[in-house]
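In case you want the letters, here they are:
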Amino acid sequence: MTIPTEMRALVVEDLAPDFAGCAVREVPTPTPGPGEALVRARAASVNFPDLLMTRGEYQFKPPLPFTPGLDLAGEVVALGEGVTGLKVGDAVVGGARLGGFAEYAVLSADALKPKPARLSFAEAAAYGAAYLTAYVALVRRARVEPGEWVLVHGAAGGVGLAAVDLAKALGARVIAASASDDKLAQVQALYAPDAVVNVTRGFRERVKEITGGRGADVIYDPVGGDVFDESVRCIAFDGRLLIIGFTSGRIPTVSVNMPLIKGFSVMGVRAGEYGRQFPDKGRENGEAIWRMADEGTIRPHVHAELPLERWREAFDLLADRKVVGKAVIVP
């Protein structure tokens, strides 16, 4: 195929609130270097780090201007020198810290995997970051055992819904928590958790009731704030409280006498950094989640597919917590 010299991309030109520094621009199409592949992006999912980077509030702070987009799926259209195992026309999925919200993206060939035939391009783009986070949290950090109670906060969001799906596949008993009855009904229909809890009415006593007074063995928390505070009150002895993020906007604290008295652990989860610190385990993590996708054991849910020109709508779906699963941009 003929590769155009210019492409459309969402460019962050200034770090500003309310995505004011973002715009779709015509920019030069990148060229793959040694060990790289040029991918025609067919879908790219929206993640909270993408939103945070537009304001300079994420731990990774790329120089301006930049194109966000962590996860994408598409087709290989050109290969750099020295690339083996890929060919032009291959349907692939991949992730990088930047570049997904564009018609074309250059990625390391090592970061690309064959797209599972069971998944559409949109589903494949919605899969990687969310399910890798859930896997590192539940398998590597918490070491979830079959039959354990797993309380998943933000269960309707991308990383939350992935955790519900994966925890069920691991044989855990899952309590899906959200602030919306409508979203909980959708989660129930999609993945059939063992119980659902609306956190706006308080959840401590309800979780204790569901678990026979013991509390949740594992709590998966991408919300923080008041949700974290109350989670400390309904975690089981020897439980694991997983810190995924702070979508509530408040970073909570805990008095260390609480983990001492209740015998629980507070665990931070950074899935990408885990793979960088432990490369062999990182490769195993990636292989595990994509094998499960190939087998159909787990499957992401795409809430909406929107063209690049409607990027703002896709961002707002996530920022306003209107999404169940993932919003996906189709460049």
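Residues numbered from 1 in each chain as written. Predicted model: local features only at pLDDT ≥ 70, side-chain atom pairs only at ≥ 80, totals over all residues. Heavy atoms only, no water.

As for unusual backbone geometry
Argument step 1. In this model, Leu64 is joined to Pro65 through a cis peptide bond whose omega is -10°.
Argument step 2. As for its placement among the helices and strands, Pro65 is situated in the loop between helix 1 (48-53) and strand 4 (71-79).
Argument step 3. A positive phi angle, close to 55°, is found at Arg321, a residue other than glycine.
Argument step 4. Residue position: Arg321 is located in the loop between helix 11 (311-319) and strand 15 (326-330). (Helix = DSSP H or I, 4+ residues; strand = E, 2+ residues; numbered from the N terminus.)

Remarks on the pattern of salt bridges
Argument step 1. If you walk through the whole model with that rule in mind, you get 22 salt bridges.
Argument step 2. In this structure, Asp226 engages Arg250 in a salt bridge whose closest nitrogen and oxygen atoms are separated by 2.9 Å. Linking Asp226 in helix 7 (residues 225-231) with Arg250 in the loop between strand 12 (235-243) and helix 8 (257-262), this pair joins segments that are 24 residues apart in sequence.
Argument step 3. For Asp229, the salt bridge goes to Arg250, with nearest N and O atoms at 2.5 Å. Residue Asp229 is located in helix 7, and its partner Arg250 is located in the loop between strand 12 and helix 8; the two are separated by 21 residues in the primary sequence.
Argument step 4. The exposure class assigned to Asp229 is partly exposed, which follows from its relative accessible area of 31%.
Argument step 5. The network of salt bridges with common partners includes Arg8, Glu103 and Glu309. (Salt bridge = Lys/Arg side-chain N within 4 Å of Asp/Glu carboxyl O. Buried < 20%, exposed > 50% of the residue type's maximum accessible area, 1.4 Å probe, protein only.)

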